[in-house]
Amino acid sequence: MHDAGHLKMTSLCAILLVTKSSGGHGRFVFNYPKDPQRKHEIIDYTTGDEESDAETINENMPGDDADKRSIFSRIESEADPIPSRKRVDVASRNDDGDEILLGFKKSYLADFLLPRSNSIRDFQLTVDEMTFLGQPISFTKASRDIDLREDKKKDDDENVMDSQDIDQSVGTKLPPTTKPANRLSHFHLVFVLEPPELELSQQVDKMFKHVIAKITAALYYEQERCDYVRQQSDLIMQLNAARLDKSPDELMQLTLKKSTLARTIADVYDAISTDSTAHVLVNDYIDISLQIPSFSPFNQADNRQDLDEYTQFPVITPHKTLLLLEDPQEILKAMPLDANPTLVQLIQIITPTQRLGDLISLLDCSLAQIYRIVAHLIYWRKAKLIDVITTKNIYVTSPSADLRYLNALAADFSQHCPKLDLITLLSELNTPAPSKLEDIIPITFKEQKTIYFDAIAYLLRKGLIVQLHAYILVMVPPYIHMGKQGSHDHSKIISTPISSPEQASEAERNWLNSITAGKPEETRSLFDRLIQYFNGHHYLEEILLQENISRKDLRLVTDRFEALNALYILWHYGTGY
Amino acid sequence: MSVSDYIRIGTDYRVGTPPRLVSVFFTMFDEELGPSLLYEVPEGSIKPLPNSTPLIDFSSISEYIIPKSDLCGHLVSVCTGPYKVMGVPVMIRNKKYKRRMLVFNLSFVFDRNADTSSYEPVARKIARVLTSLEMESDFLWKTETRSSVYNIIEQLLEDLNNYCECQIPINETNALNLKLFPTYPNPQPVYDYQVPICTVDLNTLIDMNWDITVKKVVAHINGVYHVKKIAEIADVDYKLARECMEHLLYYGCIIMIDIFQFSNIYAVRPEIMRIIEDETVQTECISYVTEPGAIPSPFSKMFSLYCSLKRDVTLKMWIEENKVASLNIDTRRFITFGVTKGFLQRVHKYPVLPASAAISCKLDPHLKKLLNGRHHYDDICTSERYSTKDLDKLLCDIPEIKFIWK
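Residues numbered from 1 in each chain as written. Chains lettered and ligands numbered in written order. Predicted model: local features only at pLDDT ≥ 70, side-chain atom pairs only at ≥ 80, totals over all residues. Heavy atoms only, no water.

Okay, the overall build of chain A next. A tally of helices and strands in chain A yields 22 helices and 18 strands. Across the 577 residues in chain A, those meeting the buried criterion constitute 52%. Long-range pairs, those at least 24 residues apart, make up 69% of the contacts in chain A between residues at least 6 apart in sequence. In the form shown here, chain A has an accessible surface area of approximately 28500 Å², with 52% of it arising from carbon and sulfur atoms. (Helix = DSSP H or I, 4+ residues; strand = E, 2+ residues; numbered from the N terminus. Buried < 20%, exposed > 50% of the residue type's maximum accessible area, 1.4 Å probe, protein only. Contact = heavy atoms within 4.5 Å. Areas by Shrake-Rupley, 256 points an atom, 1.4 Å probe, with all protein chains shown as cover.)

Quick look at the structure:
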């Protein structure tokens, strides 16, 4: 029942771009997607009738007031035949002021998403269920708090004196009145989130850290370098102005085709809203990769204090391997041209049946270097760490496997593995009991087990199966602790896992010594070496490979504990699958 | 039932406990000065004092506190520095006002990362109350009555921080009653085939004001009946029964488990490691699963029993192999404990009829539709009223049908 599945890390519903020219008004430049999908629609109703005597509450109260509100708006609409009314805000004079987005006029969005104060670094505004995030960028040194007329004057002055202005250095005697409107004074790339209850602050932090800070810095740099944001904004506005005969879809397509900035915004949205990675080349100049990192589908559930940030991270060891999650050619295509040659080579040669340790000679590099590349690929969701696929492995259906579109999956599977059937294979892995791969492969197929290896790789990649492991745990029998804790009535019945040799209590050490008493020195040292693995966090194959011992050696030790009823084998798929 | 305190260990469970209120202030639009701060507690949190800097630079966010008409009536929170300011700006239009409108906002200040969801209804209610006071008696417009806003915010800050509720008399006829409720994440959807199990004694919580349907449903929650069966016994619409369950789930009064059957298969989850490191859960386990009055087995025995629940044994086989009957253990409670703590999972059986074999198969077309990988045995048996055995008889002889265990 605890199929937590893959919870989305973010609930991004749109990205907006608003800009402002010095002396001008804020303008709404671009939004992606065209019609943001909202969970909660804000009910927009017009404000009260100025001429009528009936007072109007401009309140948006959910729940018990919903009925009341609708009565108010009904009264209003009856009393006031003219739906549009004079507004105090000057921004509505803007030509693009009519369209409604996310429940607000675009012109009004531009107005309140460009804060008057320049001191706000991380902008965070929540309106009902919707949160607007971004880092507003201001290019004016003058304070925005002063009167607008003064501001204009100042800008004029600046223009006359500012010799660094690119345009100014070219066209020397342009009339000063046209200049202020052209210079970009502010821009703000705004991310609109609609997170579920209680997740806001967590999502906000991640968005700022991993996405907003990076993309905004790149845009800022490009604006300073070559006026990129202004030029692109002007381009998008021109396309908007000439939209007359076009449908909103066509306009969006045209904008994405013509404007590299619009395309960048769309790429970022598509990646972040689907919880994947975006690789964008801002203005064909700045290469950035964006994602909200996640390592385990379960990590949102872990709010335990004792877990540090890295607990969820997979542990890379030489006997593991890397499973690429995409086609190697696709991964290589998405990489910049100056990518590390070892990285490129690793992607080309890696197979899920080969240990990472074996790559040292093939790639002629150190293990540390391989680890770094592996970590990089895992972090960017291009690969995941798995155990080398062998015929001894046991796989079961993943508890988070999405079987809703099984027939479509089966069709896709048959393209990759034409000789096998997905549903049959999934069924065979577990019926009647979880079986080793070698027991599933029919005799006639024995020579072509790579077919099965490919199929397993496919299933692992799609998250349909997980590997089942035997975790080894030794628990100290309660009577061992009795002496130490006195006759605490709990100690009679509770158990504790075995401690590492350094942390073991005297009673525990004595107990361990008594087990190996009279055994040859070899056996005793084997005991000492292996005990650290018996805390339930390590599985059988891992211990064998790590210590380079045989199953027989391991049995020698575990049998002793088994005889004392202190050995437990936990069959599960681990936390880091 | 004593599992309530630890029941959430394995689940994603967070509660939005009310955050600390740092400051409360009241602002209005002044015809000459623009957005103006009228009252604040504690003093100096917004307005600069001679020898201290305010928490908040009011001028930098005043456009969101006293906004243009479009944002009025919405719950607006804006962050500035390490603080979050939340309030519902209200605009009342009437020609008696100098600018034909009155704009005001009673705002709360929290730490930036505070979870303010429990304050949202409070902020909305205050805006509503002040609005009606103003419309009834020019409460805010007249300076004499307006000054009592200071007393309101002073008591608000004090009482909400200390008692999570307050009752503030405003005048002879009006009082402001507020209470903060913790916010919980929305519950998972409830299905007919799930079995609700109480985490608290619902009978002691029930009072006459409860919804009649909820009361009818609650009477039949026994940790054995599934939701559909409860709906039938209580004579309640299936959909309503599910909604009642979701409601109880939201408040953590129940949790949903699977239907207990001896043909079930269970397996331990990685979370099993948490219980071996937690002595409280171990003692709790022993007292929960041991039959009343019997001598409890040590935890090590319980633990080895949990470990022997594997994907290749049904509960029936497991009971026989381990002679569970002789151990003074209530098998049902033993399984329930593991599932509710999240370290044991039911491994469900999903019958699948591949699309290619669907036409030639002679099964009832309605049943055939269910064999698409979306429905497991419990689901099909509950909705189609089969027993597990009946369904096995129907499906096992058809070679095209495969079973996926998940």
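So, next bit.
A few words on the overall build of chain B. Along chain B, the regular secondary structure elements total 16 helices and 14 strands. Going through the 406 residues of chain B one by one, you find that 57% of them count as buried. The contacts of chain B with a sequence gap of at least 6 include a subset with a gap of at least 24, amounting to 65%. Total accessible area computed for chain B in this model is approximately 17700 Å², and 51% of it derives from carbon and sulfur atoms.

All names here are of chain A. In this model helix α7 (residues 228-241) runs 20 Å from its N-terminal to its C-terminal C-alpha over 14 residues, within 8% of the 20 Å that 1.5 Å per residue would give. Burial of α7 is extensive: 10 of the 14 residues sit out of reach of the surface. Looking only at α7, the buried set comprises Tyr228, Val229, Arg230, Gln232, Ser233, Asp234, Ile236, Met237, Leu239 and Asn240. (Expected span 1.5 Å × (residues − 1).)

Below, the discussion takes up the confidence of the model for chain B. Of all residues in chain B, 96% have pLDDT values of 70 or greater, and the mean over the chain is 90. pLDDT under 50 marks residues 1-13 of chain B. Its contacts with residues more than four places away, or in other chains, come to 35 contacts. (pLDDT = per-residue confidence, 0-100.)

Our next topic: unusual backbone geometry. Look at the link from A:Tyr32 to A:Pro33: it is a cis peptide, with omega at 0°. The topology assignment puts A:Pro33 in the loop between β2 (26-32) and β3 (56-57). Omega for the bond connecting B:Val41 with B:Pro42 falls within 30 degrees of zero, at -15°, which places this linkage in the cis form. Its place among the elements puts B:Pro42 in the loop between β2 (34-41) and α1 (58-65). Phi at A:Asp227 is positive, roughly 60°, even though this residue is not glycine. Residue class for A:Asp227 comes out buried when judged on its relative accessible area of 14%. One non-glycine residue with positive phi stands out, namely A:Asn283, at about 55°.

Right, let's talk about the pattern of salt bridges for a bit. The final tally for this structure, using the stated rule, is 34 salt bridges over all chains. Of the charged contacts, one joins A:Asp35 and A:Lys34 as a salt bridge, the two residues approaching to 2.7 Å between their closest N and O atoms. One salt bridge connects B:Lys239 with B:Glu243, and the closest N-O pair in it is separated by 3.0 Å. On the criterion of helical spacing, the pair formed by B:Lys239 and B:Glu243 is a turn pair, its members being 4 residues apart in helix α8 (residues 238-250). Residue classification places B:Glu243 among the partly exposed positions, given a relative accessible area of 38%. What emerges from the salt-bridge pattern is a single network uniting A:Arg27, A:Asp227, A:Arg230 and A:Asp234. (Salt bridge = Lys/Arg side-chain N within 4 Å of Asp/Glu carboxyl O.)

What characterises a pair of aromatic rings is the spacing of the ring centres plus the angle enclosed by the ring planes. Going through the model one piece at a time under the given rule, you end up with 35 aromatic pairs over all chains. Measuring from centroid to centroid gives 5.0 Å for A:Tyr108 and A:Phe112, while their planes differ by 65°, and the two rings are edge-to-face. Within this pair, A:Tyr108 and its partner A:Phe112 are both found in helix α2 (residues 106-112), separated by 4 residues, close to a single helical turn. For A:Tyr108, a relative accessible area of 2% translates into the label buried. A relative accessible area of 2% means that A:Phe112 is categorised as buried. Their ring planes at 35° and their centres at 5.8 Å tell us that B:Phe299 and B:Phe303 sit as a pair that is tilted. (Phe/Tyr/Trp six-rings, centres within 6.5 Å; stacked < 30°, edge-to-face > 60°.)

As a further point, take helix α22 (residues 551-563) of chain A. All names here are of chain A. With 13 residues, α22 should reach 18 Å at 1.5 Å per residue; the first-to-last C-alpha distance of 18 Å fits that figure. A bend of about 25° at valine 557 is the largest found in α22. Turning to α22, its buried residues are Leu554, Val557, Thr558 and Phe561. As for α22, its buried residues are in contact with β15 (465-476), α19 (506-516), α20 (521-530), α21 (540-547) and β18 (567-572). (Bend = angle between axes of the 7 residues up to and from the residue.)

This brings us to the pairing of strand β11 (residues 286-290) of chain A. In the case of a regular strand, side chains alternate between the two sheet surfaces. All names here are of chain A. Only one face of β11 is buried, namely the one carrying Ile286, Ile288 and Leu290, since none of Asp287 and Ser289 on the opposite face is buried. Summarising the sheet, strand β10 (residues 278-282) and β11 pair through 5 bridges and their orientation is antiparallel. Its bridge partner lying in β11, histidine 279 is registered against serine 289. (Pairing = 2+ DSSP bridges.)

For the rest of this paragraph, the subject is the side chain of B:Lys349. Residue and element names in this part refer to chain B. Here lysine 349 is to be found in strand β13 (residues 349-352). On the accessibility criterion, lysine 349 (16% relative accessible area) is buried. A distance of 3.0 Å separates polar atoms of two side chains, one belonging to lysine 349 and the other to aspartate 392. When near neighbours in sequence (up to four residues on either side) are disregarded, lysine 349 contacts His376, Tyr377, Asp392, Phe403, Ile404 and Trp405. (Polar contact = N/O pair within 3.5 Å; in protein donor to acceptor, adjacent residues only side chain to side chain.)

Turning to the pairing of β15(A), a few remarks are in order. Residues and elements named next belong to chain A. For β15, the buried fraction is high: 12 of the 12 residues fall into the buried class. Pairing of strand β14 (residues 394-397) with β15, which is carried by 4 bridges, proceeds in the antiparallel orientation. Residue pairing across strands places tyrosine 395 opposite glutamine 467, the latter belonging to β15. In the sheet, β15 pairs with β18 via 6 bridges, with the strands oriented antiparallel. What sits directly across from tyrosine 471, in β18, is leucine 570. Across 2 bridges, β15 lies against strand β17 (residues 535-539) in antiparallel orientation. Each residue of the ladder has a partner; that of leucine 473, found in β17, is asparagine 535. In this structure, β15 lies alongside strand β16 (residues 496-497), joined through 2 bridges in antiparallel fashion.

Before going further, it helps to spend a moment on the side chain of B:Arg112. For B:Arg112, the position within the fold is in the loop between β6 (101-111) and α2 (120-137). It turns out B:Arg112 is buried and unbridged, and the closest side chain with the opposite charge, A:Asp122, is 5.0 Å from it. For B:Arg112, the contacting residues outside a window of four places in its chain are A:Asp122, A:Gln124, A:Phe208, B:Cys79, B:Thr80, B:Gly81, B:Pro82, B:Tyr83 and B:Lys84. (Lys, Arg positive; Asp, Glu negative; His and termini not counted.)

All names here are of chain A. Between α20 and α22, whose axes approach to 10 Å, the crossing angle comes to 80°. Classified by the interaxial angle, the pair formed by α20 and α22 is roughly perpendicular. When α20 is examined against α22, the residues Thr523, Leu526, Phe527 and Leu530 are found in contact with a partner set consisting of Asp553, Leu554, Leu556, Val557, Arg560 and Phe561. Among the residues forming the contact of α20 with α22, the class breakdown is 7 nonpolar, 1 polar and 2 charged. (Axes fitted to C-alpha atoms, helices over the stretch in contact; angles between N-to-C directions. Parallel < 35°, antiparallel > 145°, perpendicular 65-115°, else oblique. Nonpolar A, V, L, I, M, F, W, Y, C, P; charged D, E, K, R; others polar.)

We now examine the packing of helix α15 (residues 422-430) of chain A against helix α17 (residues 449-461) of chain A. All names here are of chain A. Relative to each other, α15 and α17 sit at 90°, their axes nearing to 12 Å. Relative to α17, the element α15 lies roughly perpendicular. Together, Leu422, Leu425, Leu426, Glu428 and Leu429 of α15 and Tyr452, Ala455, Ile456 and Leu459 of α17 make up the contact between the two elements. Looking at side-chain class alone, the contact of α15 with α17 contains 8 nonpolar, no polar and 1 charged residues.

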